[in-house]
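# Structural description and commentary
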Amino acid sequence: MYDEWKNELLRESVAKASLIRVRKVHSSTYFTKGKLNELGYFLKENDKINVVFVNATLTAMQQKKLEKRWNDIILSREEKLRRYYLKSAQKEKFNPTDVESESSQMSELETQHQQSGGTNPRKIRVVDRFGIILQIFAARAKTRAAQLQLELAWLKYARTMLVRGGAPTFGQLGSIFQGNMMRAEMVEVGIKSAKGRKSGSGGTIGGEGETQLEMERRKLTDRESKITEELSNLLVRKAHESKKRDQAHQTLPLIALIGYTNAGKTALINLTTGSHLESKDLLFQTLNTTHKRFRLPNGQMALMLDTVGFITSLPHGLVESFKTTLDEIHNAELLVHVRDISHPQTNYQRDTVIKVLKEIGVPDEVFENKYLEVWNKIDLLEDSGELLQSVKQDMEATQQSYPVIMMSCKNGTNKEQFLGQIQNLTAELMGKETVELEYEYHMHSKVTKWLNEHANLTSMEDFQYTDDGKIILKVPIDEVTHQKYLKHFEEKKFQQGQEEQGHTRGRGMKPPPGWSNQ
Ligand SMILES: Nc1nc2c(ncn2[C@@H]2O[C@H](COP(=O)(O)OP(=O)(O)OP(=O)(O)O)[C@@H](O)[C@H]2O)c(=O)[nH]1
Ligand SMILES: [Mg+2]
């Protein structure tokens, strides 16, 4: 699981990552006492560490207790803690550093503590899985809508913490985002411990009969409704804009890229559309959807949609909040699932993506005929012939169910194959067939202009002249547009014919010479 965070965390300078088997979750501190203290001593010793990331969801109480315990250990000089440490070090259950010996460790600890005069300003903060995902999103959320959606997710999370009961940690949770996210105002929520609430010591704070808990719930509700309102105004505006855009691109097939975060979706859109969207080795680099126009090999234009990356157990609040950003994939002609095939957990990532798609209501038929997978980053497998071989075998088996294309978006490998494949699939899905249009030579610019406007064909090179002054143009076109074309030009011919006839009739109606003299 750590792999998943590696890229992001390395940038944040991880001192140590440990996989700890948690046989039993301690209700108030998550880790049992032994682990808690071992980790505490490790933190005490490594004075540069100030954040501990626990890749699990913690309750407010667990988070607060862990922080308290570890901060106590850091500050403490108690003989009994020292004894405890020696005991567990002897057991060698947990040996997170490469220190030379126990005695040197302890003396270092003591000197350090003495040097600091017993007042260590260091404070350990604990962040759980939800906290870190939210932080990453926060760092990337550029648009007002994304920021509001995040805050809403956070408030919903805060509410569950209220119900779960716990400690007054919301100030701290909020502070995680200060300067990072939450340009929106901070909501200060103080939470009574479960015990306090039971005994009624929370007292009555707000209006008559309103307990502290009720008041805090009300604060959350107020803020939630404020954000929801602002968000819905924003979304109405966005919908209006996208309607305008849809009208402009009515005939363009929409190809939506979806996939696990860091799989290479943005790299693929850049490769195929010649764009320069930011594609970085960071989780959730893309947080809002972006469209780009591009040309298929047959000259037809299409739209490609880059979307937010998925991740295992995306906190529920976030799934809800980001559903709106994923809404557009429902309009797609084709879903392209970009996978990092070099990732050790590529299959697991795939399952996560499919699960989220189903959660947001993508119907099963889509997977049967509107779905294709890009197995990206094959360049990373080239050094391992065996692995590449087994991936190829997997690919052959998978292709029985749906199309798969191996690619390296970094090197551009199989770009043409990819474009050819989406050209065929979208043409098929949009019911396009190649038809021959025959018209008079002088009509050429009118026909191509009409096709440009109505049939999404920008390059019309496949045409020939006939001996009798006509042109035959071959174009991929759907039946409806074909009929429209025929109607339009038949009518034109008819009008033209009428005009010509009228003209002739006009001439024919001229009074015979000498008529006026009569
Ligand atoms: N070696 C290799 N690296 C690639 C390839 N494609 C993308 N990458 C790298 O993978 C990282 C992630 O790529 P992105 O395109 O940002 O991934 P994404 O799926 O858009 O990620 P999110 O926006 O976070 O969901 C970047 O560092 C890319 O340079 C590839 O074919 N080979
Ligand atoms: Mg991206």
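These numbers come from a predicted model, not from an experiment.

For the pair helix H2 (residues 33–45) and helix H3 (residues 60–75), interaxial distance at closest approach is 9 Å and the crossing angle is 50 degrees. Taken as axis vectors, H2 and H3 run oblique relative to one another. As for how H2 packs across H3, the hand of that crossing is right-handed. Counted together, Leu36, Asn37, Leu39, Gly40, Tyr41, Leu43 and Lys44 of H2 and Leu66, Arg69, Trp70, Ile73 and Ile74 of H3 form the full contact between these two elements. Here the contact of H2 with H3 is built from residues that sort into eight nonpolar, two polar and two charged.

The bulk of non-glycine residues show a negative phi, and the bulk of peptide bonds are trans. In this structure, Tyr30 is a non-glycine residue whose phi angle is positive, near 65 degrees. Within the fold, Tyr30 resides in the loop between helix H1 (2–11) and H2. Judged by relative accessible area, which is 13%, Tyr30 ranks as buried. The phi torsion at Asn414 lies on the positive side, around 65 degrees, for a residue other than glycine. Mapped onto the elements, Asn414 comes out in the loop between strand S8 (404–406) and helix H16 (415–429). A relative accessible area of 29% places Asn414 in the partly exposed class.

We now examine the side chain of Asn71. Topologically, Asn71 is positioned in helix H3. Asn71 sits in the buried class, given a relative accessible area of 9%. Beyond its immediate chain neighbours, meaning those up to four positions away, Asn71 contacts Arg122, Lys123 and Ile124.

In the case of a regular strand, side chains alternate between the two sheet surfaces. Most of strand S6 (residues 334–340) is tucked away, with seven of its seven residues classed as buried. Pairing analysis gives five bridges linking strand S3 (residues 254–259) to S6, with the strands arranged parallel. Note on S6: the bridge partner recorded for Ala256 is Leu335. Both S6 and strand S7 (residues 371–376) contribute to a ladder of six bridges, which runs parallel. Its bridge partner lying in S7, His337 is registered against Glu373.

Below, the discussion takes up the pattern of salt bridges. Pairing between side chains becomes possible if they bear opposite charge and their charged atoms approach one another. The final tally for this structure, using the stated rule, is eight salt bridges. Here Lys68 makes a salt bridge to Asp72, at a shortest N to O gap of 3.3 Å. Here the residue Lys68 and the residue Asp72 both occupy positions in helix H3, the gap between them amounting to four residues, near one helical turn. The class for Lys68 is partly exposed, based on a relative accessible area of 47%. Taking the relative accessible area as the measure of exposure, Asp72 reaches 32% and is therefore partly exposed. In this structure, the salt-bridge partner of Arg350 is Glu373, at a minimum N-O distance of 2.9 Å. Here the residue Arg350 occupies a position in helix H13 (residues 346–359), and Glu373 occupies one in strand S7, the gap between them amounting to 23 residues. Side by side, Arg350 and Glu373 carry an identical accessibility label, which is buried. Linked by salt bridges that have partners in common, Arg339, Arg350, Asp351 and Glu373 make up one network.

What follows concerns the packing of aromatic side chains. Applying the stated criterion across every chain, the model contains nine aromatic pairs. Centroid distance Tyr441 to Tyr465: 5.9 Å. Interplanar angle 50 degrees. Geometry classified as tilted. With Tyr441 in the loop between strand S9 (432–440) and helix H17 (444–454) and Tyr465 in strand S10 (residues 463–465), the pair connects residues that are 24 residues apart, well separated along the chain. Here the aromatic rings of Trp450 and Tyr485 are separated by 5.8 Å at their centres, their planes lie at 65 degrees, and the arrangement is edge-to-face. Note that Trp450 is positioned in helix H17 and Tyr485 in helix H18 (residues 479–508), a separation of 35 residues in sequence. Three or more aromatic residues joined by ring pairs make a cluster, and in this case those are Tyr30, Phe31 and Trp70. A cation over an aromatic ring shows up here: Lys358 above the ring of Phe367, its NZ or CZ 5.4 Å from the ring centre.

This paragraph deals with H3. For H3, spanning 16 residues, the distance from its first C-alpha to its last is 23 Å, which sits close to the expected 22 Å at 1.5 Å a residue. Buried within H3 are the following residues: Ala60, Gln62, Gln63, Leu66, Glu67, Trp70, Asn71, Ile73 and Ile74.

Moving on: the sheet that holds S3. Overall, mixed pairing links the six strands, which are arranged S4-S5-S3-S6-S7-S8 in an open sheet. Of all the strands in the sheet, the pair left with one neighbour each is strand S4 (290–295) and S8. Each adjacent strand pair in this sheet contributes to an overall mean axis angle of 25 degrees, direction not counted. Strands S3, S6 and S7 of the sheet are contacted by H13, whose axis makes an angle of about 150 degrees with S6.

Turning our attention to the confidence of the model for the protein. In the predicted model, the protein carries a mean pLDDT of 71, and the fraction of residues at 70 or more is 62%. Note that pLDDT drops below 50 for residues 163–207; the model gives that stretch 90 contacts with residues more than four away or on any other chain. Across residues 502–518, confidence stays below pLDDT 50; counting only partners more than four residues off in sequence or on other chains, it has zero contacts.

Here the focus is H13. Helix length check: H13 (14 residues) gives 20 Å between terminal C-alpha atoms against 20 Å at 1.5 Å per residue, within 8%. Within the span of H13, buried status applies to Thr346, Gln349, Arg350, Thr352, Val353, Ile354, Val356 and Leu357. Of the surrounding secondary structure, the elements contacted by the buried residues of H13 are S3, S6, helix H14 (364–369) and S7. Gly361 sits one or two positions beyond H13 and adopts a positive phi of about 90 degrees.

Across the sheet, three strands lie side by side as S9-S11-S10; this open sheet has antiparallel pairing. Two strands close off the open sheet at either side, each with one partner strand: S9 and S10. Here the strands of the sheet are splayed against their neighbours by 20 degrees on average, with no regard to which way each runs. Strand direction decides the pairing type here: S10 and strand S11 (residues 470–478), joined by three bridges, are antiparallel. Bridge pairing in S11 places Phe463 opposite Leu473. Where H17 meets the sheet, its contacts fall on S9, S10 and S11, and the angle it forms with S11 comes to roughly 5 degrees.

Reading the values: rules and limits
- Residues numbered from 1 in each chain as written.
- Chains lettered and ligands numbered in written order.
- Predicted model: local features only at pLDDT ≥ 70, side-chain atom pairs only at ≥ 80, totals over all residues.
- Heavy atoms only, no water.
- Axes fitted to C-alpha atoms, helices over the stretch in contact; angles between N-to-C directions.
- Helix = DSSP H or I, 4+ residues; strand = E, 2+ residues; numbered from the N terminus.
- Parallel < 35°, antiparallel > 145°, perpendicular 65-115°, else oblique.
- Left-handed = near helix turned anticlockwise from the far one by under 90°.
- Contact = heavy atoms within 4.5 Å.
- Nonpolar A, V, L, I, M, F, W, Y, C, P; charged D, E, K, R; others polar.
- Buried < 20%, exposed > 50% of the residue type's maximum accessible area, 1.4 Å probe, protein only.
- Pairing = 2+ DSSP bridges.
- Salt bridge = Lys/Arg side-chain N within 4 Å of Asp/Glu carboxyl O.
- Phe/Tyr/Trp six-rings, centres within 6.5 Å; stacked < 30°, edge-to-face > 60°.
- Lys NZ or Arg CZ within 6 Å of the ring centre and 35° of its normal.
- Expected span 1.5 Å × (residues − 1).
- pLDDT = per-residue confidence, 0-100.

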